[in-house]
Amino acid sequence: MAASPSLQRTPLFDAARDAGGRMVPFAGWEMAVQFSGLIDEHQAVRSKCGLFDISHMGVLRLRGANVKDTMQGLVPSDLFRIGPGEACYSVLLNAEGGIRDDLIIYDRGWLESEQVHELVLVINAACAESDTAWMRSQLEPAGIELIDLKGSGTLLALQGPEAAQHLEELAGCSLAGLPRFGHRELTLPEIGEAFVGRTGYTGEDGFELLLSAEAGQRFWRTCLERGVKPCGLGARDTLRLEAGMHLYGSDMDASTSPLEASLGWLVHLEMPKDFIGREVLEQQTATGLKRRLVGLKLQGRAIPRHGYPVLQDGQVVGTITSGTWSPSLQAGIALASVATGAAKLGTGLAVEIRGKAEAAEVVKRPFYRR
């Protein structure tokens, strides 16, 4: 199969295709959308363990004596709430308070040998180039070094209730002391060195591992030999939506503030530090919001999709931002941006699907919780 000249391939492209992956274009990359089937892969992650190639995502390393202080000016979350070995989820904002991208920030702590503090960032594939250029323009004048940490390497997500057992057996050590959003370096005998975070995008326990290309290929092969199910982008989307997790470009974008995206828990206005977009968020907090992101659960067999109108008493009050059939709940579920007056839990709404108003209710997220 000849690669499109405009599409990139991860170091696991051939291995994914050999495992039965159906390859599709995604965010400038040629990625597997499914292997054995979306439902089969989804259920494997919910009940046992699945492995995802997420090497299309960007991984950056920031270094500098005051890197945390400087990075604080780009995000609304208090980075001093985390310490070495810990991580947090946050968003990059523009001057209008809109979300440039969402990301995970890992605090690697102070490196005595080099007399610098180090952060590692994981950013979305579609935004990687623009994020990197923008952060470079913001950080380098303050003396912060920014480099592409992943390079030609791999990023893998091992997810599911059996993920810890598999990784502990491969590493030969217990990971019981590694909390959610904790991270550490691991030596995996006969595989290689890995930077491991207890993070994921599925609502299950799991790990994301940064490895060299060769080590990533060995890890993939070893996991599949152990019976771990290879999983594609399709299952990743249904899993994250059941877990109530946002997708950048659908549930939030540069015109949506974290408050409007129901990510207010990321905004720490009580900290004295200024950050890009702060004034807008302060104003929204003071005057209130016109719209909010909510979770919807539909009745019957109706399946909501991105862009479908949301109705209240026959009038359009919002739009579906992400929607799917939930294999775990056996119901249609969605995230929707709706008028604030329609956002209260328990509110009865409807989703217009092929000209018919399908009953829905505003429900608490996540839709699924183990």
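Going by the structure above, here's the rest.
To start, this report covers the structure provided alongside it. Quick caveat, the model's predicted, so the values are computed rather than measured. (Residues numbered from 1 in each chain as written. Predicted model: local features only at pLDDT ≥ 70, side-chain atom pairs only at ≥ 80, totals over all residues. Heavy atoms only, no water.)

For the structure on display, the rule yields three aromatic pairs. Taking the centre distance of 6.0 Å and the plane angle of 45° together, the rings of Phe35 and Trp220 count as tilted. Here Trp220 lies in helix H6 (residues 213-225) and Phe35 lies in the loop between strand E2 (29-34) and helix H2 (38-47), a separation of 185 residues in the sequence. When its relative accessible area of 12% is taken as the criterion, Phe35 is described as buried. If you follow Arg46 out to its NZ or CZ, it ends over the ring of Tyr368, 4.0 Å from the centre. Positioned over the ring face of Phe80 is Lys68, at 5.2 Å from the centre of the ring. (Phe/Tyr/Trp six-rings, centres within 6.5 Å; stacked < 30°, edge-to-face > 60°. Helix = DSSP H or I, 4+ residues; strand = E, 2+ residues; numbered from the N terminus. Buried < 20%, exposed > 50% of the residue type's maximum accessible area, 1.4 Å probe, protein only. Lys NZ or Arg CZ within 6 Å of the ring centre and 35° of its normal.)

Under the counting rule described, the total for this entry stands at 20 salt bridges. Between Arg17 and Asp14 there is a salt bridge, and its shortest N-O distance comes to 3.3 Å. Of the two residues, Arg17 and Asp14 are both situated in helix H1 (residues 13-18); the distance of three residues between them amounts to about one turn of the helix. Here Asp251 ties to Arg240 by a salt bridge, and the two come within 2.9 Å at their closest N and O atoms. With a gap of 11 residues between them, Asp251 in the loop between helix H7 (233-242) and helix H8 (278-287) and Arg240 in helix H7 connect regions that are remote in the sequence. Taking relative accessible area as the criterion, Asp251 reaches 3% and is therefore assigned buried. Residues participating in the shared-partner salt-bridge network are Arg63, Arg108, Glu114, Glu118 and Glu185. (Salt bridge = Lys/Arg side-chain N within 4 Å of Asp/Glu carboxyl O.)

The next thing to look at is the state of the cysteines. In the structure shown here, the tally under the stated rule is zero disulfides. Cys88 carries a free sulfur, and the closest cysteine sulfur to it, the one in Cys127, is 18 Å from it. Unpaired in terms of disulfides, Cys223 finds its nearest cysteine sulfur in Cys49, a separation of 6.9 Å. (Disulfide = S-S within 2.5 Å.)

Another aspect to go through is the sheet that holds strand E10 (residues 183-188). Two pairing modes exist for strands in a sheet, parallel and antiparallel, and in both the strands are linked by backbone hydrogen bonds. Strand order across the open sheet formed by six strands is E10-E11-E12-E9-E3-E13, with mixed pairing between neighbours. Strands at the two margins of the open sheet, each flanked by one partner only, are E10 and strand E13 (229-231). When the angles between neighbouring strand axes are averaged without regard to direction, this sheet yields 30°. Sheet topology note: the E10/strand E11 (residues 192-197) ladder contains six bridges and is antiparallel. Residue pairing in the sheet places Arg184 in a bridge with Val196 of E11. (Pairing = 2+ DSSP bridges. Axes fitted to C-alpha atoms, helices over the stretch in contact; angles between N-to-C directions.)

Turning next to the pairing of strand E9 (residues 154-159). For E9, a buried count of six out of six residues is recorded, marking the element as mostly surrounded by other parts of the structure. Here E9 shows a buried face lined by Thr154, Leu156 and Leu158 and a second buried face lined by Leu155, Ala157 and Gln159. Relative to E9, strand E3 (residues 50-53) is paired through four bridges, and the arrangement is antiparallel. By the bridge assignment, Gly50 is partnered in E9 with Gln159. Here E9 pairs with strand E12 (residues 206-211) via six bridges, running antiparallel. Opposite Thr154, over in E12, you have Leu211 as the bridge partner.

Spatial relationships are all this shows, so hold off on functional conclusions.
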